[in-house]
Amino acid sequence: MLIAYLVVLCVATVYLIATLQLPWGSLQHPGPGFFPSLVGALFLGTALTAIVQRLRGRRPHRREGLSQPPDPRRILAVVVPMIAYPALVDVLGHIVMAGLLGMSVRILGARTWLQSLLVAVGCGLGTYLLFEVLLGVRLPRGLL
Amino acid sequence: MDILTNLLQGFANILSLGPLTAILVGAIVGSLVGALPGLGPGPAMAVLLPITFGMDPTSGVLMLAGIYFGAMYGNSTASILLNVPGDAASVVTAIEGHAMTKRGRAGAALALAAIGSFVASTIAVGALMVTAVPMSRLALQFSGPEFLGIALFALIGFAGLAGSTFLKTMMAVAFGLALATIGFHEMTGQPRLTFGQFHLVQGVQLPVVAVGLFGVAEVMLLVERGGQKSNLPAVRLRDLPPTKNELRHSGAPMVRGGVLGFILGVIPGPTAVTATYASYSLEERLSRRRRHQEGRTPFGRGAVEGVAGPEAANNAAAGGAMVPTLLLGIPFTAPTAILMGSLIIHGIIPGPNLITAEADLFWGLIAGLYIAIVVLLILNLPLISVFTAVLRIPRDILVVAIMATAIIGAYTLRNSLLDVFSLLIMGVVGYAMVKLDLPRTATLLAFVIAPILERAVFQTLRLGGGDPRFLFTRPIAVGILIVTALVALAPLFQRLLFRRSPAPAGGAPSDAREGD
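**Focus on the overall build of chain B**
Looking only at helices and strands, one finds 23 helices and 2 strands in chain B. Sequence-distant contacts, at least 24 apart, represent 81% of the contacts inside chain B between residues at least 6 apart. Split by element, the accessible area of chain B, about 17900 Å² in all, is 66% carbon and sulfur.

**Regarding the nonpolar core**
All names here are of chain B. Core analysis: the biggest nonpolar cluster contains 185 residues, and Leu177, Ile330, Phe362, Ile366 and Leu444 have the highest contact counts within it. With 15 residues, the top contributor of residues to this core is helix 17 (residues 359-380). If sequence neighbours within four positions are ignored, Ile366 has contacts with Leu7, Val125, Leu128 and Met129. With 20 residues, the next largest nonpolar core counts Val235, Leu240, Met254 and Val304 among its residues.

**Side note on helix 11 (residues 244-265) of chain B**
Residue and element names in this part refer to chain B. Here helix 11 spans 31 Å end to end across 22 residues, near enough to the 32 Å set by a 1.5 Å rise per residue. Ser250 marks where helix 11 bends most, by close to 30°; the proline Pro253 follows one to four residues later. When we look at burial in helix 11, the residues that qualify are Glu246, His249, Ser250, Pro253, Met254, Gly257, Gly258, Gly261, Phe262, Leu264 and Gly265. At its buried positions, helix 11 is contacted by helix 6 (91-102), helix 7 (106-140), helix 12 (271-289), helix 13 (305-320) and helix 14 (322-328).

**Overview of the confidence of the model for chain B**
Where the model shows low pLDDT, its predicted coordinates should not be examined in detail. Looking at chain B as a whole, the pLDDT averages 80, with 88% of positions reaching at least 70. Reported confidences for the modelled complex are a pTM of 0.80 and an ipTM of 0.89.

**Focus: unusual backbone geometry**
With a phi angle near 60°, B:Asp437 is a residue other than glycine that sits in the positive phi range. Along the chain, B:Asp437 falls in the loop between helix 20 (417-436) and helix 21 (440-463).

**Examining the interface of chain B and chain A**
The partner chain A presents 60 residues to the 58 residues of chain B that form the contact. Overall, the association of chain B and chain A removes approximately 5200 Å² of surface from exposure, summing both partners, and the carbon and sulfur fraction of that is 79%. At the surface where chain B touches chain A, the tally comes to 1 salt bridge. B:Asp396 serves as the salt-bridge partner of A:Arg111, at 2.4 Å between the closest nitrogen and oxygen. Our count for the chain B to chain A interface comes out at 4 residue pairs in polar contact (both at pLDDT 80 or more). If you list the elements that add at least two residues to the side of chain B that touches chain A, you get helix 9 (166-180), helix 10 (206-225), helix 19 (395-414), helix 20 and helix 21 of chain B. Broken down by element, the side of chain B that touches chain A gets its largest block of residues, 11 residues, from helix 19 of chain B.

**With respect to the pattern of salt bridges**
Residues and elements named next belong to chain B. Evaluation of the coordinates by the stated rule reveals 7 salt bridges over all chains. Between Arg105 and Glu246 there is a salt bridge; the shortest N-O distance is 2.9 Å. Of this pair, Arg105 sits in the loop between helix 6 and helix 7 while Glu246 sits in helix 11, placing them 141 residues apart in sequence.

**As for the environment of B:Ser31**
Residues and elements named next belong to chain B. When you line up the elements, Ser31 lands in helix 2 (residues 17-35). As a C-alpha pair, Ser31 and Gln141 span 110 residues in sequence and 39 Å in three-dimensional space. Not counting the four nearest positions on each side in its chain, Ser31 is found in contact with Gly70, Ala71, Gly74, Leu376, Asn380 and Phe387. Within the local environment of Ser31, its side chain forms a polar contact with the backbone oxygen of Ala27, the two atoms lying 2.8 Å apart.

**Examining the packing of aromatic side chains**
A full pass over the atoms with the stated rule returns 6 aromatic pairs over all chains. Summarising the aromatic geometry, the rings of B:Phe153 and B:Phe332 are spaced 5.9 Å apart at their centres and angled 85° between planes, so their arrangement reads as edge-to-face. You can see B:Phe153 sitting in helix 8 (residues 144-161) and its partner B:Phe332 sitting in the loop between helix 14 and helix 15 (334-345), a full 179 residues away along the chain. According to the relative accessible area criterion, B:Phe153 is buried, its value standing at 11%. Overall, B:Phe332 belongs to the buried group, its relative accessible area being 2%. One Lys or Arg, A:Arg106, reaches over the ring of A:Trp113 and ends 4.5 Å from the middle of that ring.

**Considering a nonpolar patch on the surface**
Residue and element names in this part refer to chain A. Taken together, the side chains of Ile95, Leu117, Val121 and Leu125 make up a nonpolar region of the molecular surface, amounting to roughly 330 Å² of accessible area. By residue number, the principal contributor to the nonpolar patch is helix 5 (residues 113-134), which donates 3 residues. Along the polypeptide, Leu125 turns up in helix 5.

**A few points about the environment of A:Ser116**
Residue and element names in this part refer to chain A. Tracing the sequence through the fold places Ser116 in helix 5. Under the relative-accessibility criterion, Ser116 is labelled buried at 0%. C-alpha of Ser116 to C-alpha of Gly45: the two residues are 71 residues apart in sequence and 48 Å apart in space. When residues no more than four places from it in sequence are discounted, the contact partners of Ser116 are Gly102, Met103, Val105, Arg106 and Arg111.

**A few points about the side chain of A:Arg111**
Looking at the element boundaries, A:Arg111 is found in the loop between helix 4 (105-108) and helix 5. Judged by relative accessible area, A:Arg111 falls into the buried class, the value being 17%. At 2.4 Å, the side chain of A:Arg111 and the side chain of B:Asp396 are in polar contact. With residues up to four places along the chain from it excluded, the contact list for A:Arg111 reads A:Val105, A:Arg106, A:Ser116, B:Pro394, B:Asp396 and B:Ile397.

**As for helix 5 of chain A**
Across its 22 residues, helix 5 of chain A extends 30 Å between first and last C-alpha, which sits within 8% of the 32 Å expected from 1.5 Å per residue. Taken residue by residue, helix 5 of chain A has A:Ser116, A:Val119, A:Ala120, A:Cys123, A:Gly124, A:Thr127, A:Phe131 and A:Glu132 as its buried positions. If you follow the buried residues of helix 5 of chain A, they end up packed against helix 3 (72-103) and helix 4 of chain A together with helix 3 (41-52) and helix 19 of chain B.

**Notes on the packing of helix 6 of chain B against helix 7 of chain B**
All names here are of chain B. Two elements in contact, helix 6 and helix 7, have axes separated by 7 Å at closest approach and are oriented at 145°. Contacts between helix 6 and helix 7 pair Gly97, Met100 and Thr101 from the former with Ala106, Ala108 and Ala109 from the latter. The class makeup of the residues in the contact of helix 6 with helix 7 is 4 nonpolar, 2 polar and no charged.

**Describing the packing of helix 9 of chain B against helix 21 of chain B**
Two quantities define a packed helix pair, namely the angle between the axes and the distance from one axis to the other. All names here are of chain B. Where helix 9 contacts helix 21, the axes come no closer than 7 Å and their chain directions differ by 50°. Taken together, the axes of helix 9 and helix 21 lie oblique to each other. Crossing of helix 9 over helix 21 shows right-handed handedness. In this structure, helix 9 uses Thr169, Ala172, Val173, Phe175, Gly176, Leu177, Leu179 and Ala180 to contact helix 21, whose residues at the interface are Ala442, Thr443, Ala446, Phe447, Ala450 and Leu453.

Definitions and cut-offs
- Residues numbered from 1 in each chain as written.
- Chains lettered and ligands numbered in written order.
- Predicted model: local features only at pLDDT ≥ 70, side-chain atom pairs only at ≥ 80, totals over all residues.
- Heavy atoms only, no water.
- Helix = DSSP H or I, 4+ residues; strand = E, 2+ residues; numbered from the N terminus.
- Contact = heavy atoms within 4.5 Å.
- Areas by Shrake-Rupley, 256 points an atom, 1.4 Å probe, with all protein chains shown as cover.
- Core = buried A, V, L, I, M, F, W, Y, C linked by side-chain atoms within 4.5 Å.
- Buried < 20%, exposed > 50% of the residue type's maximum accessible area, 1.4 Å probe, protein only.
- Expected span 1.5 Å × (residues − 1).
- Bend = angle between axes of the 7 residues up to and from the residue.
- pLDDT = per-residue confidence, 0-100.
- Buried area = accessible area lost by both parts, 1.4 Å probe.
- Salt bridge = Lys/Arg side-chain N within 4 Å of Asp/Glu carboxyl O.
- Polar contact = N/O pair within 3.5 Å; in protein donor to acceptor, adjacent residues only side chain to side chain.
- Phe/Tyr/Trp six-rings, centres within 6.5 Å; stacked < 30°, edge-to-face > 60°.
- Lys NZ or Arg CZ within 6 Å of the ring centre and 35° of its normal.
- Patch = residues over 30% accessible without salt bridge, like charges linked within 9 Å, V, L, I, M, F, W, Y side chains within 5 Å.
- Axes fitted to C-alpha atoms, helices over the stretch in contact; angles between N-to-C directions.
- Nonpolar A, V, L, I, M, F, W, Y, C, P; charged D, E, K, R; others polar.
- Parallel < 35°, antiparallel > 145°, perpendicular 65-115°, else oblique.
- Left-handed = near helix turned anticlockwise from the far one by under 90°.

Take a look at the structure:
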C-alpha cells in the first residue's frame, strides 16, 4: 500500500509544480494559479502525511487492502476489452469491439464458446440497434 | 396557495409523453439496480447520465431522480430476501427484514418497505416543496463568504461522517479539486494545467469522472468478487398484504423515519446510511419500552418497526439531499452531484435563483417527483416478483451490459475516443481508491463543488480587499463554519451515540464503505 501512496505523492508533486507555473496574482486579485496551488499544497500535504504515518509503522486501516486476492484473469477480462475498444474501434467498428466485450463472459461466467459467441453477437448488435437505430446515437464506424 | 398554483402548473408542464416516459424508465432502472446487491444509485445514474443530455432538462433530471428514488425503494429487496444488502443504505433493513423472511413474512416485509418508502418520500418531497421558497430567499442574501462556508461544510462535513479517516477523505477531496482545475479557468478564460494536451482544454468531463469512479470501478469489484448463487425465496402476490397488526405497528415508525431521514438528508455526508441507523436505534429503543404490549414482535426476531422505519428514513434522506443541491447549488451526496451535473450541462445552474429563474423546471421537478413516488409504489407492490427476478440475472451478462453502456456513454460525450481512455483510467483509479479505502464520493463531490469553491474564495478575497479575515465578519458564514467544525468532530459523538449500533449483516457491498 506504501507504493500506492508513493504514486499519489508523485501525482500531487507534478500537479503542484504545474500550478506554480501559473500566475498567482495577489490576495486582492487572485490569478488562475491561486486556487490550484492551494489544492496542490493540500494534495501533497495529505500524501506526505499518509506516507509518514505508514513509515512510522502505524497499523493499516482495518478495511484497507485485499481481503482475498482477486483473480487477475477476471480483472483483465474487463480491462482488456476496455483498452482495445478505443484503440481499435476506428478500424474494426463498434459492433466488432462491443462483440469482443461480450466475449469476456467466456472468462467471467465460465461459459462455453458457443454461449460466449451468442452473448458477443447480442452485445454487438443489441447495443447497435438500441443506440444507433433507436436512440440515433452515432457510434464509431470503423473501416469495415 | 402560491405553492398549490405553482404545483398545478408543474403538473400541467410535465403531463406529456417525454417526462412521463423518463420518470417510468428512471423508476424501473432505479428499482432494478436497487434490488441488485452491490449496485447503488450512484453507478446507475452515472452510467445513464450521458443519455440525459439529449433530453429536455426536466425529463433528464426526472429520469435521474427516478433512479435515485427507485434505488432507495428497491434496495430493501435483497436485504430482506437474501440477507445481502442492496447497498449501504439497506444494511440495517437486513437485520429485521431477513428475520421476517425466516418467519415466513417476506412478502409483508417487502410490502411494508415499499409503503414506508412511499410515506417517507411523500413527506420528503412535501418538505422540499414547502421549504423551497423561504430557503431560496434566505440563500439569495448569500455571497462569497457564505458559499465558501457551505462548500467547506460539504467537503469537510463529509469527512467527519464518512467511514474513512479524515486524512484519507481530505486526500480524496484534494484529488477531486485538482481534477476540476484542469481546463479553462472560468474567471480569466485561460486554459490551465492541460499539460500540453489539447484534449484537456475543455476540462475533465463530469460523466467520465462519475462513470469511471463508480460505474467502471464497480464493475471491476463485481467481477473480482465472482458470482455467488443464492437461494431466492419465492414471493407470491398473496403473501404481500401485511396483517392489520403489522400495519398498525409500522405506521408511526414510517412517519418518524420519514421526518428523521429528511432532516438528516439535508446535511452532508452519507446521510441515507446515517438516517437508517438513527431510525433503527430509535425504533429499537421505543420498542424496548413497549415490549409488554401484545402482538409486538421483539427486535431481532423480525420486528416490522425495524423494516418500516429505516426504509422510510433512507428514502426521505434522498429527498432531503435534493434541498442543498437545488436551492444552494451545492450537492452533498454522489447521486445529487450527478443530478446537478445533468442540470449544468443543460445550462441550468442550481442555486438560490433556480426557483425564480427556472420556475417551470423547479415545479415540474416537484410534480414529477410526486408522480415518480406513486409510480414506484405501483411498480414495487404488485410487480415485486419481477424485480426480485433480477437477482437471478447472471453476473457476467450484467457486467457486459454495464460496460457497453459506460463506453458508449463516454464516447458520445464529444465523439472522442480519448474520453473512453479517460474513463478506463478513472475506473482503475476508482478501483484503487476502494482498495485503499479512499472515499470515491468525496472525490466526486469535490470535483463538482470545486468551481463553486474557487469562485467563493475569489469573491471573499475581493470583498475583503485581500484580507481573508473578512470571512469572520460575516455572521452567517461564521455560523456555518462553526457547524462544519462540529460535524467534523461528529465521529466522536457518533461513537458515543451509536455504541450499541447493529453490526452490518451479510457481505456488505463495496459502497458500504462510503454510503450512497
